[in-house]
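Geometric and topological summary
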Amino acid sequence: MEYKNNRQRTAAHPSGPRKKYKKRRKNKYHRRLSFLKAGIIILLLCIGVVLFFILRPHGDSRWKVEASEYDDHRPALDVQLLTPNEYSRPQTPLTSVNGIVFHYTANPGTDAQNNRDYFEGLKDSHLTYASSHFVVGLEGQIIQCIPTSEICYASNSRNSDTVAIEVCHPDESGKFTDETYDALVWLTGWLCTYLEVSPDQVIRHYDVTGKICPKYFVDHEDAWNDFKDDVKAWIRVNT
């Protein structure tokens, strides 16, 4: 049968076009649903990526510390200033600080208190001229022997413009305990910040005179470079 137009065709076969319309509408619905699902998946992936970068552990996070009672992140310092004397604390002003110099005690097994007391005893023994601004012990304790506004006798030609840190070690290798190492990173990072010294100005006694001091950091250049990287990491997360 011939039909004059689509209206007649629809009237004669009402179910045919309606089925096609329902099918088109159903396909359109499924397409929209697919787009919605894809959008949700992409959104969840983006959220996951963002959370990953926010919450993932960062290598520097180990060095994050809470501010102390002074609210400037300084480590716990046991201040035991030496008695003023010409052999270990001459009270000569340190007018500018252009570096921080590391030393090791070269006296295995002695602790911070032993070495501080040795410096103190020089006022009576007159054996030599020697001292240090700070001594870091085997368990991470830190004793301050001389104010950072005065020179000490530790770094030869650099006594006049550097702060010195003497570090204890348990054996002949000169390697520091983990507690000593962590305290040393903290103290150095804080001193760099407090004294406005660049981590690149942190040096070894060896760099001043060629003396094998501190021994482990001279024998293991990679360990010395790692230490300086840890100091920089401390500064990044605490300032």
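Note: the structure precedes this text.
Read on for an overview of the structure. (Residues numbered from 1 in each chain as written. Predicted model: local features only at pLDDT ≥ 70, side-chain atom pairs only at ≥ 80, totals over all residues. Heavy atoms only, no water.)

1. A look at the environment of K123
In this structure, K123 sits in helix α3 (residues 112-125). A residue is classified by how much of its surface remains accessible, and K123, at 27% relative accessible area, is partly exposed. Ignoring any residue separated from it by four or fewer positions in sequence, one finds K123 in contact with T83 and N85. (Helix = DSSP H or I, 4+ residues; strand = E, 2+ residues; numbered from the N terminus. Buried < 20%, exposed > 50% of the residue type's maximum accessible area, 1.4 Å probe, protein only. Contact = heavy atoms within 4.5 Å.)

2. Considering the packing of aromatic side chains
Counting across every chain of the model gives eleven aromatic pairs. Measuring from centroid to centroid gives 5.1 Å for F102 and F227, while their planes differ by 90°, and the two rings are edge-to-face. Taken together, the positions of F102 in strand β2 (residues 100-104) and F227 in helix α7 (residues 221-238) put the pair 125 residues apart, joining distant regions of the chain. Note on W190 and Y194: the rings are 4.9 Å apart at their centroids and 5° apart in plane angle, and the pair reads as stacked. Of this pair, W190 and Y194 both sit in helix α4 (residues 178-195), four residues apart, which is roughly one turn of that helix. You can call W190 buried: its relative accessible area is 4%. (Phe/Tyr/Trp six-rings, centres within 6.5 Å; stacked < 30°, edge-to-face > 60°.)

3. Structural notes on α7
Each turn of an α-helix holds 3.6 residues, which means side chains three or four residues apart point in the same direction. Helix length check: α7, at 18 residues, gives a terminal C-alpha distance of 26 Å against a target of 26 Å (1.5 Å per residue), a fit within 8%. Every buried residue of α7 is accounted for by A223, W224, F227, D230, V231, A233, W234, I235 and N238. Those residues of α7 hidden inside the fold are in contact with β2, α4, β6 (202-204) and α6 (215-219). (Expected span 1.5 Å × (residues − 1).)

4. Considering unusual backbone geometry
At the junction of C213 and P214, the peptide bond is cis and its omega measures out at -5° in the coordinates. Along the chain, P214 turns up in the loop between α5 (205-209) and α6. Look at H126: it is not a glycine, yet its phi comes out positive at around 60°. Looking at the element boundaries, H126 is found in the loop between α3 and β3 (134-136). You will see that N156, though not glycine, has its phi angle at about 55°, which is positive. Given a relative accessible area of 48%, N156 falls into the partly exposed group.

5. A look at the sheet that holds strand β1 (residues 78-79)
Pairing in this open sheet of six strands is mixed, and the strands run β1-β4-β3-β5-β2-β6 from one edge to the other. Edge positions in the open sheet fall to β1 and β6, since each of these has one partner strand only. Bridge analysis of β3 against strand β4 (residues 142-144) gives three bridges, and the strand direction is antiparallel. Across the sheet, V135 pairs through a bridge with I143, a residue of β4. Its contacts with the sheet put α3 on β3, β4 and β5 (163-167), and the angle it makes with β3 is roughly 150°. Here α7 sits on the sheet in contact with β2 and β6, set at roughly 155° to β6. (Pairing = 2+ DSSP bridges. Axes fitted to C-alpha atoms, helices over the stretch in contact; angles between N-to-C directions.)

Don't take any of this as a statement about function, it's just geometry.
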